[in-house]
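Given next are the chains, with one letter for each unit.
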Amino acid sequence: MAYDGKRLPLRALFFTLLFIATSALWTGANAQIKLNIGGNGNAPAMDTPATGGTGSHVVTTPRVRAELVANAPDGIVPGKAIELGLLIEHQPQWHTYWKNPGDSGLPTQLEWQLPPGWDAADIAWPTPHPIRIGNLVNYGYEGKVLLPVKVQIPTTFAADSTSATVQLKASWLVCRVECIPEEGSFSLTIPAKSSTGMYAAEFATAHAQEPIALQGESSATVEGSKLQLRVSGLPAPLQNQLLQVLPETANTLHHAMEAGKDFTQQWDGPVWTATVPLSDARGDTPAELPLVLTTAERTAMGSTVAWRTVAPISGQWQAAAVAQVSPELAAALAKNAEQQGAAPAAPPAASGSLWLALLGGLIGGLILNLMPCVFPILAIKVLGFAGHGNQLREQRMAGLAYTAGVVLSFLALGGLLLALRAAGQQLGWGFQLQSPLVVALLATLFTVIGLNLAGLFEFGHFVPSSLAGKQASSPLTNAFLSGVLAVAIASPCTAPFMGASMGLAISMPAGQALLIFAALGIGMALPYLLASWVPAVVRWLPRPGAWMDTFRRAMAFPMFATVVWLVWVLGQQSGIDGAATLLALLVLLAALIWALTLQGRTRWVLSILLIAGGAYLISATGKNLSNPEPQIASAAQPNARWHPWSAALVAETNAAGRPVFVDFTAAWCVTCQYNKRTTLSNPEVLQAFDGKQVTLLRADWTRQDPAITAALNQLGRSGVPVYVLYAPGKAPVVLSEVLSVQEVVDAVQALPSRG
């Protein structure tokens, strides 16, 4: 049976509209949990949804459970105080940070929205634990910690009020090997007339861990690169014990000091003295230095485990050059700072930059036809050309309609991307495939297309004959929707020349940005548009006949192969349970389509049973499709070559004098997977990495991650793949999207040798 053009429009129209609507809905209605680099309150949404929605007092991520709690044993009394706090329960091996995080990290920040007149004090920080990571020391908390805050109730608070609602926006950096900036919005209603004391024990524990102020005198004297400390007034039972020194301000003392090496201490009767090293990143000399002293074992003296003193500083130390953070982290901090106020309008691009971006988009669109993720749609295009035979006018009109479908689809995707970014979402090219539900819909689309191409069913059997007749008389609609479908398939890919243009486009005014998206669409459609207007192409193709039916059925297998890839992508996003759920639903869908091809009562009985089975399966296991994959294996294994990316890890590694190579990748990006399994696994490339002691990091953008998006934006990119070589003290080197062994080896060999 020859291909007659009746099958594509209905399926493409239905699933394309479903695809676009789901992309917009799912991306716009993302999680309540948010990522935040720099600890401000306007970060974009994180990929991991919170279990508590807006207005919840609990937010849960794969790493922490955070809860807004209160302690008001007498209710809310005008003129008195209550306590609020953020209770954080960490998963094993994860930690958050103290007010001085140490050599890296960010302190937890709380932004309160309280009833009028309520006054919240600063966090009463419990004493942290030093967390040693190699040559670095951070200060933070593991397990369970409560950060309490005293809140003064005004005398004007209405005595007849029954309750009061407090809101909190909190941001924290949670780290293990990798670091994940997170943010949550909380709301808690406190009864005014009854006692609230469920967490009284946790508040008591937090206060017991809070350092108390010493009554004795203390001093700090500068001696070169060291500081002589002298503290009196410590409890007598502490005498002759070794103490730990925790500076409350960063860039003063060397956090990784070790007793007996660069840190010495002794007791002179009741006076404790010590010689401590200054930080290599020390700034100007402050007038005084707040310190917390505690024992290594946190030995309690009565109810106290730590003591706080503020030592006046005598002398001046020489300020050292401050270590620089990584470029992407600095850019993310600046971006978040800008987002605190009204976002300024993007400045118009220079004429030369715009023309170069348009040229890059055009060339990138041309090359996009050769990318592996576009291949499955080639069968439909070829069949469309052959179906016109020698009808040159119809062929040319189909080429124009296909071009219109491609260009308008790129404009629609570009407009949606720009609109969502303007609304505060941190997104980039290929953003729709970061949603597991969109991946599942695409897998469904390709399954249906594959079954249709294989000859299992014809759409004309499932619709009224009048509608099928209209579709048969609309070959231009067929060609147009072929273009729409081609863009949906191509959207995960980034071709050479395209990455820089897309990165520039999202920073331009909307009009100029859409011009670049249009240039990309024209480039992608151009080969087929030219072919439709060149008669030689039609003469080269065989005449329509039985071969077309064989060709059509053969092209079902690339479609099914694409389904296999999409199921694998979903497995990367939602785990093996999500992939199994999708496979089961696809089997039921195929069985339903087969049942609908039967005749008589059997058709309806089987169809109803299969629909019921599908509905039950969705209700029972449908959540598996969108649940995030548990990040059990996200941390690097001891002998692993590649490690999870974080901006902090890039900064720390460069600060230690080691180069870093970052692979910005995603499971849904076919080009990324090709490069990973060829060039980046090549023994010559791996030997070059080892020879220069390059740390290999992988930034996985399979699900939405604003931290990775911020890093891509800083590099002038908006999609993956992106490959970057960071050398200490040098600008990042961005390699091409389609890697070659020689390109990577040459870039690595250009790195200076380490002694």
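About the cut-offs
Residues numbered from 1 in each chain as written. Predicted model: local features only at pLDDT ≥ 70, side-chain atom pairs only at ≥ 80, totals over all residues. Heavy atoms only, no water. Salt bridge = Lys/Arg side-chain N within 4 Å of Asp/Glu carboxyl O. Helix = DSSP H or I, 4+ residues; strand = E, 2+ residues; numbered from the N terminus. Buried < 20%, exposed > 50% of the residue type's maximum accessible area, 1.4 Å probe, protein only. Contact = heavy atoms within 4.5 Å. Core = buried A, V, L, I, M, F, W, Y, C linked by side-chain atoms within 4.5 Å. Pairing = 2+ DSSP bridges. Axes fitted to C-alpha atoms, helices over the stretch in contact; angles between N-to-C directions.

Trainee: Give me the lowdown on the pattern of salt bridges, citing residues and values where you can.
Mentor: Tallying each qualifying case throughout the model produces seven salt bridges. Of the charged contacts, one joins Arg698 and Asp663 as a salt bridge, the two residues approaching to 2.9 Å between their closest N and O atoms. Pair noted here: Arg698 is in strand β22 (residues 695-700) and Asp663 is in strand β21 (residues 660-665), with a separation of 35 residues, a long-range link. Classification of Asp663 by relative accessible area gives buried; the value is 0%. Where salt bridges share partners, they join Arg65, Glu67 and Glu89 into one cluster.

Trainee: Kindly report on the environment of Ser225, identifying the contributing residues and their values.
Mentor: Relative to the helices and strands, Ser225 is located in the loop between β13 (218-223) and β14 (226-231). Along the chain, Ser225 and Leu278 lie 53 residues apart, while their C-alpha atoms are 5.6 Å from each other. What Ser225 contacts, discounting residues up to four positions off in sequence, is Pro277, Leu278 and Arg282.

Trainee: Help me get a handle on the nonpolar core, residues and values and all.
Mentor: Counting 47 residues, the largest nonpolar core has Leu582, Trp645, Val662, Phe664, Val720 and Tyr726 as its most contacted members. Those elements giving two or more residues to this core turn out to be α7 (436-453), α14 (556-596), α16 (647-655), β21, β22, α19 (706-714) and β23 (722-726). If one sorts the elements of this core by residue count, α14 sits on top with eleven residues. Leaving out residues up to four positions away in the same chain, Val662 has contacts with Trp645, Val650, Leu697, Ala699, Val722, Tyr723, Val724 and Tyr726. Ala66, Val166, Val174 and Leu188 belong to the second largest nonpolar core, which has 43 residues in total.

Trainee: Go over the sheet that holds strand β6 (residues 119-123), please, and point to the residues and values.
Mentor: In sheet architecture, strand pairing relies on hydrogen bonds along the backbone and comes in two forms, parallel and antiparallel. The antiparallel open sheet is built from five strands, whose spatial order is β1-β2-β3-β9-β6. Of all the strands in the sheet, the pair left with one neighbour each is β1 (58-60) and β6. Going from strand to strand, the sheet's axes swing by 20° on average, the running direction of each strand aside. As paired elements, strand β2 (residues 64-71) and strand β3 (residues 81-90) share eight bridges and run antiparallel to each other. Along β3, the bridge assignment pairs Val69 with Gly85. Contacts from helix α2 (residues 200-208) reach β2, β3 and β9 (144-152), with the element oriented near 95° to β9.

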